[in-house]
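Listed below are the residues making up each chain.
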Amino acid sequence: MAKILIPTPLRQYAEKNNSVDIAASTVGEALASLTTQFPDLRKNLYNDEGKLRSFVNVYVNDEDIRYLQKDATAIADGDTISIVPSIAGGRC
Amino acid sequence: MIRVQPEPWATMVAHAQSTYPNECCGVMLGSIDDDNKVVEVAMNLENAYAGPQNEHYEVRPEDLLMADREARKLGMDVIGIFHSHPDCDAYFSKTDLENSCPWYSFIVLSIQKGTFHHANSWLPNEERTLAAQEPLEY
């Protein structure tokens, strides 16, 4: 089983769980399983085209999946999947 | 409503003033009870923006990941992000809005001539097209 850590503001859509254990072999499968189990999470994580929203980054342990095999990134028992937003800004 | 306790508030103001004339950034940890948020810890982060930092900031996702781990260790929640506007008011700019995340509170500290002037908290909507002002106490 891999563990998906749920960011604080999204726990309200995941029955208040701060993490969810998922049996899956890739990150894509794990997130699909998560959003099937908790459908209200889907609109927070994915856009209308079914792609991760532009500001959503996914990490397996310490690695950003964009620099691995993206959704096809393999996961093993004990891996931790984190959902981390991109944040920036400026006064102008 | 978001209330920042004295210790994290002092951390945030000191960070914003010490990085002047550049923008600073950081993460706020604490507790959430319905719509009442209490900031108990402020973690200063490095502004990772590669261009002129006097008018932009960027949070490294890896730093936010570390902050989330720290929050879990402390039994707290990640409540939001703070950053500064050097010699500007504490509005939520178009750039702030378009590069925000609708999951968090965003506190903006106005630093005028190197000294803290005022602050506001903002809540971006889901589409990141509007931000509502959130009552802030510090």
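Starting afresh in each chain, residues are numbered from 1 along the sequence in its written order. To read the labels, note that chains go from A and ligands from 1, taken in the order they are written. Residue-level local features of this predicted model are given only where pLDDT is at least 70; pairs of side-chain atoms are given and counted only at 80 or more, and the full residue set underlies all totals for whole chains, interfaces and linings.

Below, the discussion takes up the overall build of chain B. From N to C terminus, chain B includes 3 helices and 9 strands. The secondary structure listing takes helices from DSSP runs of H or I that are at least 4 residues long and strands from runs of E that are at least 2 residues long, numbered from the N terminus. Counting from the amino terminus, chain B carries its helices and strands in the arrangement β-α-β-β-β-α-β-α-β-β-β-β. Our radius of gyration is a C-alpha quantity, and the globule rule it is checked against amounts to 2.2 Å times the number of residues to the power 0.38. In terms of overall dimensions, chain B is globule-like: its C-alpha atoms have a radius of gyration of 14 Å, near the 14 Å expected for 138 residues. Taken over the C-alpha atoms alone, chain B extends approximately 35 × 30 × 30 Å along its principal axes. Partly exposed residues are those falling between the two cut-offs: more than 12 but fewer than 20 other C-beta atoms within 10 Å of their own, whereas 20 or more means buried and 12 or fewer means exposed, with C-beta atoms placed from the backbone. Sorting the 138 residues of chain B into buried and exposed places 48% on the buried side. For every residue pair, C-beta atoms are placed from the backbone, and the pair is scored as a contact if these atoms sit within 7 Å. Across chain B, the fraction of contacts at a sequence separation of at least 24, relative to all contacts at a separation of at least 6, is 61%.

Below, the discussion takes up the overall build of chain A. What chain A contains, in helices and strands, is 2 helices and 6 strands. Starting at the N terminus, the α and β elements of chain A follow one another as β-β-α-α-β-β-β-β. By the compact-globule yardstick of 12 Å for 92 residues, chain A fits well, its C-alpha radius of gyration being 13 Å. On the principal axes, the C-alpha backbone points of chain A span a range of 45 × 30 × 25 Å. For chain A, contacts bridging at least 24 residues in sequence account for 50% of all contacts bridging at least 6.

Between any two strands, at least two bridges found by DSSP are needed for them to pair. On the basis of which strands lie adjacent, the open sheet formed by 5 strands has the order E2-E1-E5-E3-E4 (chain A) and mixed pairing. The strands lining the two open edges of the sheet, one partner per strand, are strand E2 (19-22) and strand E4 (63-64) of chain A. Strand direction decides the pairing type here: strand E3 (residues 56-60) of chain A and E4(A), joined by 2 bridges, are antiparallel. In the strand pairing of E4(A), Val60(A) is matched with Glu63(A). Axis definition: a line fit to C-alpha positions, over the contact stretch in the case of helices; interaxial angles, taken between N-to-C directions, run 0 to 180 degrees. Its contacts with the sheet put helix H1 (residues 27-37) of chain A on strand E1 (2-5), E2, E3 and strand E5 (80-85) of chain A, and the angle it makes with E2(A) is roughly 120°. Packed on one face of the sheet, helix H2 (residues 61-74) of chain B meets E3, E4 and E5 of chain A and runs near 120° to E5(A).

To continue, consider the sheet that holds strand E6 (residues 105-112) of chain B. Residue and element names in this part refer to chain B. If you trace the 8 strands from one edge of the open sheet to the other, you get E8-E7-E6-E5-E2-E3-E1-E9, paired in mixed fashion. If you trace the sheet from one side to the other, it starts and ends with strand E8 (131-134) and strand E9 (136-137), each paired once. In this sheet, strand E7 (residues 115-124) lies alongside E6 in antiparallel orientation, the contact comprising 7 bridges. Counterpart to Phe106 in the pairing with E7 is Trp122. Strands strand E1 (2-4), strand E2 (25-33), strand E3 (36-45), strand E5 (77-86), E6 and E7 of the sheet are contacted by helix H1 (residues 6-19), whose axis makes an angle of about 40° with E3.

So, about the pairing of E2(B). Residue and element names in this part refer to chain B. Two elements, E2 and E3, share 9 bridges in a ladder whose sense is antiparallel. Paired with Gly30 across the two strands is Val39, which belongs to E3. With antiparallel pairing between neighbouring strands as the criterion, E2 and E3 make up a hairpin whose turn holds 2 residues, including Asp34 at a positive phi of roughly 55°.

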